[in-house]
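Each chain, written out:
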Amino acid sequence: MKRFYLIAAIALLGHQVSRADEGMWLPLFLSQLNEAEMQSMGMQITAEDIYSVNHSSLKDAIVHFGGFCTGEVISDKGLLLTNHHCGYRAIQSHSSVENDYLKNGFWAMNNSEELKNKGLYAEFIRYMEDATNAVMAGVTLDMNPMEADKLKKANIEALIELKKAENPSTYSFKVKSFYKGNQYFLFATEKYNDVRLVGAPPSAIGKYGADTDNWMWPRHTGDFSMFRIYASKENQPAEISDDNVPYVPVKSLSISLAGSKPGDFTMVFGFPGTTDEYLPGSAVQQTLDVINPGRIEVRETKLAILDKKMRVDDATRIKYASKYASTSNAYKKWIGQNIGLKETKALDRKKRHEIAFLYAISKDEALWDKYSDIFEEFDALYAELEPYAQARSYFFEVGYSGIEALKYAYRFNGIVGANKSGNTEAAQAAANKLKNGVEGFYKDFDADLDKQVFAALMPLYKENVATELQPNEVYSVTDWGTKANELYDGSIFTQADSKTRIEELLNKDPKEIASTLENDPIFKMMSAIYGFYGSTIQPQASKIDNEINSKMKTYMRLQMEVMKDKRFYPDANSTLRVTYGKTEGYSAKDAVVYQTHTYLDGVIAKYVPGDYEFDLPQKMIDLYEKK
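A brief report on the enclosed structure follows. (Residues numbered from 1 in each chain as written. Predicted model: local features only at pLDDT ≥ 70, side-chain atom pairs only at ≥ 80, totals over all residues. Heavy atoms only, no water.)

Moving on to the overall build of the protein chain. On a plain count of helices and strands, the protein chain comes out with 27 helices and 14 strands. When its C-alpha atoms are laid out on the principal axes, the protein chain stretches across 70 × 65 × 60 Å. When burial is assessed residue by residue, the protein chain has 47% of its 627 residues classed as buried. Nonlocal contacts in the protein chain, meaning residues at least 24 apart in sequence, comprise 75% of its contacts between residues at least 6 apart. Working note: accessible area of the protein chain is about 31500 Å², and carbon and sulfur atoms make up 52% of it. Of the side chains in the protein chain, 74 bear a positive and 86 a negative charge, and the two mean positions are spaced by 1 Å. (Helix = DSSP H or I, 4+ residues; strand = E, 2+ residues; numbered from the N terminus. Buried < 20%, exposed > 50% of the residue type's maximum accessible area, 1.4 Å probe, protein only. Contact = heavy atoms within 4.5 Å. Areas by Shrake-Rupley, 256 points an atom, 1.4 Å probe, with all protein chains shown as cover. Lys, Arg positive; Asp, Glu negative; His and termini not counted. Charge placed at Lys NZ, Arg CZ, Asp CG, Glu CD.)

Inspection of the secondary structure puts Arg 411 in the loop between helix 16 (404-410) and helix 17 (413-420). Along the chain, Arg 411 and Ala 431 lie 20 residues apart, while their C-alpha atoms are 9.7 Å from each other. If we skip the residues at most four places from it in the chain, Arg 411 touches Leu 434, Gly 437 and Phe 441.

A separate point is the packing of helix 13 (residues 346-361) against helix 25 (residues 521-562). Interaxial distance between helix 13 and helix 25 falls to 10 Å at its minimum, and their mutual angle equals 70°. Taken together, the axis directions place helix 13 and helix 25 in an arrangement best described as roughly perpendicular. Remark: the crossing between helix 13 and helix 25 carries left-handed chirality. Taken together, the residues of helix 25 that come into contact with helix 13 (itself represented by His 353, Glu 354, Phe 357, Ala 360 and Ile 361) are Tyr 555, Leu 558, Gln 559 and Val 562. (Axes fitted to C-alpha atoms, helices over the stretch in contact; angles between N-to-C directions. Parallel < 35°, antiparallel > 145°, perpendicular 65-115°, else oblique. Left-handed = near helix turned anticlockwise from the far one by under 90°.)

Glancing now at the state of the cysteines. On inspection of all chains with the given rule, the structure shows one disulfide. What pairs with Cys 69 in a disulfide is Cys 86, and their sulfur atoms sit 2.0 Å apart. Disulfide Cys 69 to Cys 86: torsion about the S-S bond roughly -75°, handedness left-handed. Taken together, the residues span a long stretch of sequence, with Cys 69 in strand 2 (residues 69-73) and Cys 86 in helix 5 (residues 84-93) at a distance of 17 residues. On the accessibility criterion, Cys 86 (4% relative accessible area) is buried. (Disulfide = S-S within 2.5 Å.)

Locating Gln 390 in the fold gives a position in helix 15 (residues 374-400). The contacts of Gln 390, once residues within four sequence positions are left out, are Val 290, Ile 291 and Asn 464.

Within a regular strand, the side chains alternate between the two sheet faces. Counting buried positions along strand 8 (residues 194-200) gives seven out of seven residues, so the element sits mostly inside the fold. The pairing of strand 4 (residues 106-107) with strand 8 spans two bridges and is antiparallel. Counted as the bridge partner of Trp 107 is Gly 199 from strand 8. Sheet topology note: the strand 8/strand 9 (residues 225-231) ladder contains five bridges and is antiparallel. Each residue of the ladder has a partner; that of Arg 196, found in strand 9, is Arg 228. (Pairing = 2+ DSSP bridges.)

With that out of the way, let us pick up the nonpolar core. The tendency in soluble globular proteins is for nonpolar side chains to be buried as a group. In terms of nonpolar packing, the biggest core is built from 130 residues, with Phe 412, Phe 454 and Phe 493 touching the most fellow members. If we skip the residues at most four places from it in the chain, Phe 454 touches Ile 403, Leu 406, Pro 459, Trp 480, Lys 483, Ala 484, Leu 487, Tyr 488 and Met 525. Counting 26 residues, the second-largest nonpolar core is a separate cluster that includes Cys 86, Phe 106, Ala 108 and Leu 197. (Core = buried A, V, L, I, M, F, W, Y, C linked by side-chain atoms within 4.5 Å.)

Residue position: Asp 307 is located in helix 11 (residues 281-310). On the basis of relative accessible area, Asp 307 is assigned to the buried category, the value being 16%. Polar side-chain contacts of Asp 307 include one of 2.9 Å to the side chain of Arg 311. (Polar contact = N/O pair within 3.5 Å; in protein donor to acceptor, adjacent residues only side chain to side chain.)

What follows is about the packing of aromatic side chains. Here the structure, examined in full by the defined rule, presents 37 aromatic pairs. An angle of 85° between the planes, with centres 6.0 Å apart, marks the rings of Tyr 408 and Phe 493 as edge-to-face. Separated by 85 residues along the polypeptide, Tyr 408 in helix 16 and Phe 493 in the loop between helix 22 (480-490) and helix 23 (498-506) bring together distant segments of the chain. Taking relative accessible area as the criterion, Tyr 408 reaches 2% and is therefore assigned buried. Between Tyr 586 and Tyr 594, the aromatic rings sit 5.4 Å apart at their centres with planes inclined by 85°, giving edge-to-face as the arrangement. On the accessibility criterion, Tyr 594 (21% relative accessible area) is partly exposed. Here a set of aromatic residues connected by ring pairs shows up, and it is made of Phe 395, Phe 396, Tyr 400, Tyr 410, Tyr 530 and Tyr 533. It is Arg 89 that lies over the ring of Phe 68; its NZ or CZ is 4.9 Å from the centre. The residue whose ring lies beneath Lys 566 is Phe 568, and the NZ or CZ to ring-centre distance is 5.4 Å. (Phe/Tyr/Trp six-rings, centres within 6.5 Å; stacked < 30°, edge-to-face > 60°. Lys NZ or Arg CZ within 6 Å of the ring centre and 35° of its normal.)

So, about helix 13. The first and last C-alpha atoms of helix 13 sit 23 Å apart over 16 residues, in line with the 22 Å expected at 1.5 Å per residue. Burial in helix 13 covers these residues: Ala 346, Lys 350, His 353, Glu 354, Ile 355, Phe 357, Leu 358, Ala 360 and Ile 361. (Expected span 1.5 Å × (residues − 1).)

Moving on: unusual backbone geometry. Cis geometry marks the peptide bond from Trp 217 to Pro 218, where omega comes out at 5°. One non-glycine residue, Tyr 179, lies in the positive phi region at around 50°. Mapped onto the secondary structure, Tyr 179 falls in the loop between strand 6 (171-178) and strand 7 (183-192). Residue class for Tyr 179 comes out buried when judged on its relative accessible area of 12%. The backbone of Asn 235 shows a phi angle near 70°, a positive value even though the residue is not glycine. In this structure, Asn 235 sits in the loop between strand 9 and strand 10 (245-246).

Moving on, we come to the packing of helix 5 against helix 12 (residues 314-343). Each pair of packed helices gets described by two things: the angle between the helix axes and the distance between those axes. Running from N to C, helix 5 and helix 12 point in directions that differ by 165°, and their axes come no closer than 9 Å. On the basis of their axis angle, the class for helix 5 and helix 12 is roughly antiparallel. Between helix 5 and helix 12 lies a crossing of left-handed hand. Touching Tyr 88, Arg 89 and Gln 92 of helix 5 are Ile 318, Lys 319, Ala 321, Ser 322 and Ala 325, all from helix 12.

Looking now at the environment of Leu 623. Relative to the elements of secondary structure, Leu 623 occurs in helix 27 (residues 618-625). A C-alpha to C-alpha distance of 61 Å links Leu 623 and Asn 155, two positions 468 residues apart in sequence.

Of all seven residues that make up strand 9, seven are buried, and the element is covered over most of its length. Burial along strand 9 is two-sided: Ser 225, Phe 227, Ile 229 and Ala 231 and Met 226, Arg 228 and Tyr 230, pointing in opposite directions, are all buried. Sheet topology places strand 3 (residues 79-82) next to strand 9; four bridges connect them, and they run antiparallel. Bridge pairing in strand 9 links Leu 81 to Met 226. Direction of pairing for strand 9 relative to strand 10: antiparallel, over a ladder of two bridges. Within strand 10, the position partnered with Tyr 230 by the bridge is Pro 246.

Spelled out as structure tokens, the structure:
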């Protein structure tokens, strides 16, 4: 009877079509999977020109910038181009009220004026290879998941040790999972840790439209900044040093000033974040109805508090520019994600895909008997996960990324833990490690502002997390304004002289440090929230996650086995990818058509004097008027 309804549903829902040019493809396989299609669309180079192990190729000009963005080498002296928002943190770190590089822009006139950035790196992919057989050696489908994971981990460690012995000492290796654990690839990388700021436009150009236009079209942002990679005199990776010289790349991109036009072939080559293309409908429904609304509310509340002070105080604006942008970026993304899921009827499309999958396995009696209930099982697992997923989301949005004092106090947890276990040496090492970060934290921290954020976000945590999934230290509070004053007025972390007091504390005996922390009100609140998450929420959420992940691995494998007419590209996981198509506009909704290009006329049309998002430098207005 179930199969009868399945066939009826197939007839009603129609055939599911997948776009030929959709996807984020591994460059390693372009010659096999994509080259012919790309060239038919207008590509004038070969797959070997994009990715080659034995010869220089475009991959040798593409870097993972800081681990969070893509950068492109555009000269034989290591000049690197990336987005303005990718360089924003570095630009902000060098800015002050006296030298406001965020507002006014920055340009080094020679190498000596380029600004060093501690912790910023450019990482190249030297090669990648399929490591599935090596990782899965000895692993069987009927093996206990924990045993399988243990064996895979041991196999990965052995593979990496082998590659270290075979390759230059400057190479590092990582193995990443693809297709929900059905395939593995090894990446050989080389990291350059001396990356200096060369130039950035004023925010009125590089961040024009700021948060209003972020993730929107039409966009009128000059979203770029420029850095330079430095290396040792032997052109090898080196830590930041005045002795370093501009890096000479294997390959650099050439620049065309010809521009593009509708219908041109276009290709994006770089490091996307993460995607979950193949989730079941129940997971998408949970994201749409439960997880995203909570995230959006928390970030909207925090942004409103920061924005109010940033608009009237330049010092605060500079301190919080990067934090605000980071918070807002995900906030706008989740809003757009929910709109997109609804307007594209994503859940309906998921349902059509799931019916098509069931129809495919129905042709094999054994597969049907074993897996025909897979979506009911997903539904049950996501229903079980929901309260824990909600609690986890609020923990991260409020307790971890939302309230700075709690997150900073957590850094000191290692001292207390090591002291409790009697490991004085580890406690001292933890204290020494923290000394280097004190100045950096307090440089960009406003305790009064954070207190306002605490008083506003903690009620959201209490109201939206199930009572049994919050510690008594949260559940028992009835007045969060009073509680905020009590914590922030009495903590070593949130005083006018906290930087000095923390530095002095870290120079004391580890036992004394631990004693001070254990009696500190903010550290105690952090310990309650983080401890409860670690003991109650995270273990149960992880248990259900593991069950879901195991089922997702099976579901992914089956899709690829039985749906032969569909090309499956792996989800993005911060590894090097290629996506491609043609430069085209589209119809956003009835009577609204988006074209491919925006122009300076549109910039001027949005101009609002004095508005931090849409103001413009007078020089730019003058140049526009003079054509």
